[in-house]
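# Architecture and fold: a report
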Amino acid sequence: MKNRKFTLVVLASVMTTFFVSCSDDDGEVVTVTETETIEVDSSLPVGDLMVNLSGNLVAESGTPTQGLVEVGVDADDTNFVRFADDFTTELGTGTVGIFLSTSEVFTADPANGNPDLMLIGNVADNGEMFIKLDAAPDAKYTHIILWCATANIPFGNVALN
C-alpha cells in the first residue's frame, strides 16, 4: 500500500512538472478573436525610419485617443508602423487591435477573409511603439484603425498621407 501511494505521488509530481514546463514564453502572442492569433515582432528599426506615410489619430467613442502615426522603412528596408511619443488611447477595456484599413470605418467581413482590414498588432501601452511589418502595406490601405474587441467599438483612426 505504501509503495502504491509513493508511486502515485511521484507520478503526480512528474505530470505537474511536465505540464508546467510546457509553456512557451519565447514570443508575445496576441489573440484578437477566438479564431485569429498572431505573433507580434517587437523589433526596433535599424537606423532612422524613413517615413512614407503619416497622420494624426482622430479619437472615437469618447476615448482619449491621439498622437502621430507613421509608416516607413528602416536602414535594412524593413517596414514599420510607428506610434509617436504623444500616442494615447484607452487601455482599461481589454484588447485594442491595430488594423490597416481601406477606410476610416471598421468593416469586418470574416466570411471573405476581411479584405478591407489587416490586423498588425495590439496596443500594449501609451507612448512610442513600433510594429514590424512583413512587407510594405498594399496601397489600398489608407487608414489605421484602433478597434476595441471587448466593447466592439472604434477607439480611433488615422488617415495615412
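What counts, and where the lines are drawn
- Residues numbered from 1 in each chain as written.
- Predicted model: local features only at pLDDT ≥ 70, side-chain atom pairs only at ≥ 80, totals over all residues.
- Heavy atoms only, no water.
- Buried < 20%, exposed > 50% of the residue type's maximum accessible area, 1.4 Å probe, protein only.
- Helix = DSSP H or I, 4+ residues; strand = E, 2+ residues; numbered from the N terminus.
- Pairing = 2+ DSSP bridges.
- Contact = heavy atoms within 4.5 Å.
- Phe/Tyr/Trp six-rings, centres within 6.5 Å; stacked < 30°, edge-to-face > 60°.
- Axes fitted to C-alpha atoms, helices over the stretch in contact; angles between N-to-C directions.

Turning our eyes to something else, we now look at the pairing of strand β7 (residues 96-101). Of all six residues in β7, six are buried, a share of seventy percent or more. As judged from the six bridges shared by β7 and strand β10 (residues 143-148), these two strands associate in the antiparallel manner. Opposite Gly-97, over in β10, you have Trp-147 as the bridge partner. Where β7 and strand β8 (residues 117-122) come together, five bridges link them in antiparallel fashion. Looking at the pairing, Gly-97 lines up with Asn-122 of β8.

Here we come to the side chain of Asn-79. Looking at the secondary structure, you find Asn-79 in strand β6 (residues 79-83). Taking the relative accessible area as the measure of exposure, Asn-79 reaches 10% and is therefore buried. Look past the residues within four positions of Asn-79 in its chain and what remains in contact with it is Gly-72, Val-73, Ile-131, Lys-132, Leu-133, Ala-135 and Ala-136.

Taken as a whole and judged by the stated rule, the model has four aromatic pairs. Seen in terms of ring centroids, Phe-99 and Phe-106 are 5.1 Å apart; in terms of plane orientation they differ by 80°. Their pairing is edge-to-face. Aromatic rings pair up to connect Phe-99, Phe-106 and Trp-147 into one cluster.

A separate point is the environment of Ala-59. Mapped onto the secondary structure, Ala-59 falls in strand β4 (residues 58-59). C-alpha of Ala-59 to C-alpha of Val-158: the two residues are 99 residues apart in sequence and 9.0 Å apart in space. Here Ala-59 is in contact with Thr-65, Phe-155 and Gly-156, once residues within four sequence places are set aside.

In this section: the sheet that holds strand β9 (residues 129-133). Taken in spatial order, the four strands of this open sheet run β3-β5-β6-β9, and their pairing is antiparallel. The sheet is open, and its two borders are formed by β3 (50-56) and β9, each paired with just one other strand. Going from strand to strand, the sheet's axes swing by 20° on average, the running direction of each strand aside. One ladder, built from five bridges, connects β6 with β9; its direction is antiparallel.

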